[in-house]
Amino acid sequence: TKGEVGVGYEEFIKNITSNIKKFEFVTFDYGDRVPRNDFSTRIYEKHEVFPIFKENLELKKYFATTDITYDVYFSHIEDCFKELGISDISFKTQMQALVEFGIIDLLEILKENSDENRYLRESQKIKTLVEPTGMGDRFKMLHVKKYS
């Protein structure tokens, strides 16, 4: 009853499914399978977050200079693919997806082939991506495959 509506997904998905015979579509973003039933649109500027409906927020100040985002309603995207006959779809947390894609294996290769300082720097970056209290659970992944 309250929140954002993603526009253009249907047309975009119809375009790629009808024009590309084989593909893997992978997206990572904030959001979940179900809508929040609240407004999530926010502005990011220099690592600060501003809710778009914040009182006294000067929207003109941020126009064309900042990132504007909202929580994605992934089931809407998934349903758009299913309506076009594509059913090979998986939905996971970013942590699950990156581990399955082999990020830990890549980290082990780095450990074997670089110095300790570089390994520690890169492992910190990976930790941020996969930590459940950080981006690991907050970001989700939708993976769609079409092979026919």
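Here, the structure is the one placed above.
Visitor: When you look at the pattern of salt bridges in this model, what are you seeing that I'm missing?
Guide: Pairing is possible between side chains that carry opposite charge, provided their charged atoms lie close to one another. Per the counting criterion, the structure on display carries nine salt bridges. In this structure, the salt-bridge partner of Glu-78 is Arg-33, at a minimum N-O distance of 3.1 Å. Note that Glu-78 is positioned in helix H3 (residues 74–83) and Arg-33 in the loop between strand E1 (23–32) and strand E2 (42–45), a separation of 45 residues in sequence. For Glu-78, a relative accessible area of 7% gives the class buried. A salt bridge links Glu-122 to Lys-125, with the shortest nitrogen-to-oxygen separation between them at 3.2 Å. Highlighted residues: Glu-122 and Lys-125, both in helix H6 (residues 116–130), separated by three residues, approximately one helical turn. Because the salt bridges share partners, they merge into one network encompassing Lys-2, Arg-36, Asp-38, Arg-42, Asp-71 and Arg-138.

Visitor: Hey, could you run me through helix H1 (residues 9–19) in this one?
Guide: Side chains three or four residues apart in an α-helix point the same way, a direct result of the helix having 3.6 residues per turn. Considered for burial, the residues of H1 that qualify are Tyr-9, Ile-13, Ile-16 and Thr-17. In a view along the axis of H1, the buried residues occupy a sector of 95°, so they form one face of it. Turned more than 90 degrees away from the buried face of H1 sit Glu-11, Lys-14, Ser-18 and Asn-19, all of them exposed. For H1, the secondary structure elements touched by its buried residues are E1, strand E5 (72–73), H3 and strand E7 (139–146).

Basis of the calculations
- Residues numbered from 1 in each chain as written.
- Predicted model: local features only at pLDDT ≥ 70, side-chain atom pairs only at ≥ 80, totals over all residues.
- Heavy atoms only, no water.
- Salt bridge = Lys/Arg side-chain N within 4 Å of Asp/Glu carboxyl O.
- Helix = DSSP H or I, 4+ residues; strand = E, 2+ residues; numbered from the N terminus.
- Buried < 20%, exposed > 50% of the residue type's maximum accessible area, 1.4 Å probe, protein only.
- Arc of directions from axis to C-beta.
- Contact = heavy atoms within 4.5 Å.

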